[in-house]
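Each chain, letter by letter, is given below.
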Amino acid sequence: MKRTVAALATLTAGLLTLGSAQKVTTPTIGIALAQTGNVALLGQEQVIGAKFAEKHFNARGGINGTPFKLAFQDAGGDENGAINAFQNLINKDKVVGIVGPTLSQQAFAADPIAQRAKVPVLGPSNTAKGIPQIGDFIARVSAPIAVVAPNAVKQALKLDPKIKKVAVLYAQNDAFSVSETGTFQETAKAQGLNVVTVQKFQTTDTDFTTQVTAVLNSKADLVIISGLAADGGNLVKQLRQRNYKGLIIGGNGLNTSNMFPVCQKFCDGVIVAQAYSPAQKSAVNQTFVKEYRAQYKKDPPQFAAQAYAGVQVMVEALRVLDRKKKLAQWDLGELRTALNKQILAGKYNTPLGLISFDKDGEVQQKEFYVAQIRMKDAKNGSFVYLK
Ligand code: 1QQ
């Protein structure tokens, strides 16, 4: 018995050494995004953005001559999906770092797993308060919604200076939506507006009769929605079907043309703040826009640009480390820790413009925008950037 225990201990120690001494043969970046389910309305654009970055940077030498790989694990739309994706990327795919997940709600559950494993994470679209503070291995390229969202309210007041009464609606089961509505409500009050009703819903809801009735009774002349694409799109549609005539601001969860099949012609006029503009002048953005237009016949959306930036930051940080010591000579654990440090130390000229990180891993970005949805018909429309 004693001997078995001792033998087991030796074996375990041996395996542990083996594990930590793992070499990096092909540098692999993990991608944990929503590829299926309702949240894939947002995640699909991110997958496309990540793939564009892979193609672009591998065509330009990869990591100083060595091509890198993206490992995709579908994170689905909930916490468990993100946790499984992170575990697979860390333990099976042996990634150097992770770009993901899609939702803040998922990040609060999955990021602590990467933190414990000492694997750097770049949130490509996690905008709730508190994400970079999850741990020192957690950073994000997605500007906090507290910085982005106020621009939409200011723009709405520019379009209609007579606005006085605001109805605010939010998905109470989603951490991002809760964070965003807080910002929207504070901004509305700071702008001298009267918040006449606050309505809650679930991201899984499809019938918004109660909420729409409350909005109509409140006589609001501005509606602000914090939810995700499917619920948000339905809410917009049901407001318009019951003849709500005022402006509508959609939060970041409504920031996708994948919502158009849901609200169709009723999407028209919705205002959404943006952390990206296709007009951004950086050379990398102009190439991205050109290649994206060639393939999709439209401009790249914010979620694609942010996922692109996430991959780009990892690649450029890996290039710096590879110049110090060829990546193939690093131990995986050592490389993950060094990569985390290097990510935070660098400056990156991305499609989002020039970005860097503060000591918490919060993105430092300068330019923000606001766009308005214009529908040509029930199916086709675009986000038109406002001045
Ligand atoms: C978050 C978000 C979502 C709308 C991203 C798709 O901003 O969850 O933080």
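Notes on the structure follow. Positions within a chain are numbered from 1, following the residues in the order the chain's sequence is written. Side-chain atom pairs in this predicted model are given and counted only at pLDDT of 80 or more, local residue features only at pLDDT of at least 70, and totals for whole chains, interfaces and linings cover all residues. Computation of side-chain values covers all heavy atoms of the structure but excludes hydrogens and water.

## Some thoughts on the sheet that holds strand β3 (residues 97-99)
Phase 1: Any two strands with at least two DSSP bridges between them are considered paired. By the criteria applied, helices consist of DSSP H or I runs no shorter than four residues and strands consist of E runs no shorter than two, each listed in order from the N terminus. If you trace the five strands from one edge of the open sheet to the other, you get β2-β1-β3-β4-β5, paired in parallel fashion. Edge positions in the sheet fall to β2 (69-74) and β5 (138-140), since each of these pairs with one other strand and no more. For this sheet, the mean inter-axis angle between neighbouring strands, taken without regard to orientation, is 25°.
Phase 2: As paired elements, β3 and strand β4 (residues 121-123) share two bridges and run parallel to each other. Counterpart to Ile-98 in the pairing with β4 is Val-121. In this analysis an axis means a line fitted to C-alpha atoms, helices contributing only their contacting stretch, and an angle means the value between N-to-C directions, from 0 to 180 degrees.

## Some remarks on the site of the ligand
Phase 1: Residues in contact with the ligand, as listed here, are Leu-42, Thr-102, Leu-103, Ser-104, Ser-125, Asn-126, Thr-127, Ala-128, Phe-176, Asn-252, Gly-253 and Phe-303.
Phase 2: Side-chain atoms alone can form a polar contact between residues adjacent in sequence; in general such a contact is a pair of N or O atoms within 3.5 Å, and within protein one must be able to donate a hydrogen while the other accepts it. Taking Ser-104, its side chain carries an N or O atom lying 2.5 Å from an oxygen atom of the ligand.
Phase 3: In this structure, an oxygen atom belonging to the ligand sits 2.7 Å away from a main-chain N or O atom of Thr-127.
Phase 4: Here the ligand has 280 Å² of accessible area as a free molecule, and 100% of this is covered by the chains.
Phase 5: Only protein atoms enter the 1 Å grid, on which a cavity is a set of points fitting a 1.4 Å probe that cannot get out and a pocket is an open set with protein on both sides within 12 Å along at least 5 of 7 lines, lining residues being those with an atom within 4 Å of a point. Criterion for pocket placement: a molecule counts as inside a cavity or pocket if more than half of its atoms are within 2 Å of its grid points. One can see that the ligand is located within the largest cavity.
Phase 6: Tallied by class, the residues present in the shell around the ligand amount to five nonpolar, seven polar and no charged. Nearness of a residue to a molecule or strand requires only that one of the residue's heavy atoms be within 4 Å of it. Reported accessibility uses the Shrake-Rupley method at a 1.4 Å probe radius. Residues are deemed covered only where the shown protein chains occlude them. When residues are grouped by polarity, Ala, Val, Leu, Ile, Met, Phe, Trp, Tyr, Cys and Pro land in nonpolar, Asp, Glu, Lys and Arg in charged, and all others, Gly among them, in polar.

## Some thoughts on empty space enclosed by the protein
Phase 1: Grid points are joined across faces, edges and corners, and a volume is the space filled by probe spheres set on the points. As enumerated under the stated definition, the model contains three cavities of 30 Å³ or more in all.
Phase 2: Roughly 100 Å³ of internal volume is contained in the largest cavity.
Phase 3: Lining the largest cavity are Leu-42, Thr-102, Leu-103, Ser-104, Ser-125, Asn-126, Thr-127, Phe-176, Leu-228, Asn-252, Gly-253 and Phe-303.
Phase 4: By residue class, the composition of the lining of the largest cavity is five nonpolar, seven polar and no charged.

## Details of the environment of Gln-199
Phase 1: Structurally, Gln-199 can be placed in strand β7 (residues 194-201).
Phase 2: Think of it in three bands: with a 1.4 Å probe and only protein chains considered, a residue is buried below 20% of the maximum accessible area for its type, exposed above 50%, and partly exposed in between. Among the residues examined, Gln-199 registers a relative accessible area of 16% and is labelled buried.
Phase 3: Put simply, Gln-199 and Gln-35 are 164 residues apart on the chain and 30 Å apart in space, counted from C-alpha to C-alpha.
Phase 4: Two residues qualify as a contact provided that any one of their heavy atoms is within 4.5 Å of a heavy atom in the partner residue. Excluding residues that lie within four positions of it along the chain, Gln-199 makes contacts with Val-168, Leu-169, Tyr-170, Thr-210, Gln-211 and Ala-214.

## Some points on the packing of aromatic side chains
Phase 1: Each pair of aromatic rings taken from Phe, Tyr and Trp, with Trp reduced to its six-membered ring, is defined by centres within 6.5 Å and is described as stacked if the planes are under 30 degrees apart, edge-to-face if over 60, and tilted in the remaining cases. Within this structure, the stated rule accounts for 11 aromatic pairs.
Phase 2: Feature note: the residues Phe-52, Phe-57, Phe-288, Tyr-292, Tyr-296 and Tyr-308 constitute an aromatic cluster, connected by ring pairs.
Phase 3: Here, a charge over a ring means that NZ of Lys or CZ of Arg falls within 6 Å of the ring centre while also lying within 35 degrees of the ring normal. Geometry around Phe-72 places Lys-51 over its ring, the cationic atom sitting 5.3 Å from the centre.

## Quick look at helix α11 (residues 283-296)
Phase 1: Between its first and last C-alpha atoms α11 spans 20 Å; for 14 residues at 1.5 Å apiece the expected length is 20 Å, and the two agree.
Phase 2: Within α11, burial applies to Val-284, Asn-285, Phe-288, Val-289 and Tyr-292. Along the axis of α11, the buried residues cluster in a sector spanning 130°; they form a single face. Facing away from the buried side of α11 by over 90 degrees, the exposed positions are Ala-283, Lys-290 and Ala-294.
Phase 3: Of the surrounding secondary structure, the elements contacted by the buried residues of α11 are α2 (40-59), α12 (302-324) and β11 (348-350).
Phase 4: Of the residues flanking the end of α11, it is Lys-297, one or two places downstream, whose phi is positive at about 60°. To estimate how far a helix should reach, multiply one less than its number of residues by 1.5 Å. The reported arc concerns the directions from the helix axis to the C-beta atoms and nothing else.

Purely geometric numbers; function is a separate question.
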